[in-house]
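Spelled out, the chains give:
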Amino acid sequence: MTLAARFAHNLVVARKRAGISQEELSFRAALHRTHIGLLERAARVPRIDTLVKLAGALGVRPEDLLDGIAWKPGDFSPGGFEEETP
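Caption draft 1: The arrangement of the packing of aromatic side chains in detail. A complete count under the given rule lists one aromatic pair for this structure. Aromatic side chains Trp71 and Phe81 sit 4.9 Å apart centroid to centroid with 80° between the ring planes, which places their arrangement in the edge-to-face category. In this pair, Trp71 is assigned in strand 1 (residues 69-72) and Phe81 in strand 2 (residues 80-83), connecting sequence segments 10 residues apart.

Caption draft 2: Region of the structure containing the nonpolar core. Within the largest apolar cluster, 16 residues are counted, with the highest numbers of intra-cluster contacts made by Phe7, Leu11, Leu25, Leu54, Leu58 and Leu65. When residues of this core are traced back to their parent elements, those giving at least two are helix 1 (3-18), helix 2 (22-29), helix 3 (33-40) and helix 4 (48-58). Per-element accounting of this core gives the leading share, five residues, to helix 4. Here Leu65 is in contact with Phe7, Asn10, Leu11, Ala14, Leu51, Leu54, Ala55, Leu58 and Val60, once residues within four sequence places are set aside.

Conventions we followed
- Starting afresh in each chain, residues are numbered from 1 along the sequence in its written order.
- Owing to the predicted nature of the model, reporting of local features is limited to residues with pLDDT of at least 70; listing and counting of side-chain atom pairs is limited to 80 or more, with chain, interface and lining totals taken over all residues.
- The basis for every side-chain value is the complete set of heavy atoms in the structure, and neither hydrogens nor water enter the calculation.
- Only the six-membered ring of Trp is used, alongside the rings of Phe and Tyr, when aromatic pairs are assigned; centres must lie within 6.5 Å, and planes under 30 degrees apart are stacked while those over 60 apart are edge-to-face, with the rest tilted.
- Numbered from the N terminus, helices here are DSSP runs of H or I no shorter than four residues, and strands are runs of E no shorter than two.
- Nine residue types can take part in a nonpolar core, namely buried Ala, Val, Leu, Ile, Met, Phe, Trp, Tyr and Cys, and a core is a set of them joined through side-chain atoms within 4.5 Å.
- When accessible area is computed with a 1.4 Å probe and restricted to protein chains, residues below 20% of their type maximum are described as buried, those above 50% as exposed, and intermediate ones as partly exposed.
- By definition, residues are in contact when any of their heavy atoms lie within 4.5 Å.

Geometric values such as these leave the question of function open.
What follows is the structure, encoded as structure tokens:
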């Protein structure tokens, strides 16, 4: 699963748990509703300020939206994102 896909999954789950629509989330987070759709379709990844806005609007911690996302540093080659294991 890509970074964008994992974030999208976490965002959709959190929004549905909150029982709100994409439009309501966009209003609460002061973001355009199409931006919410792009994030939920994994077409974009959020900037840090957007992450904080979304978490606040959903009543969750920012790290909840990053669940399962980890960075693995590389030794002699560049690092990369990987799915975090519990």
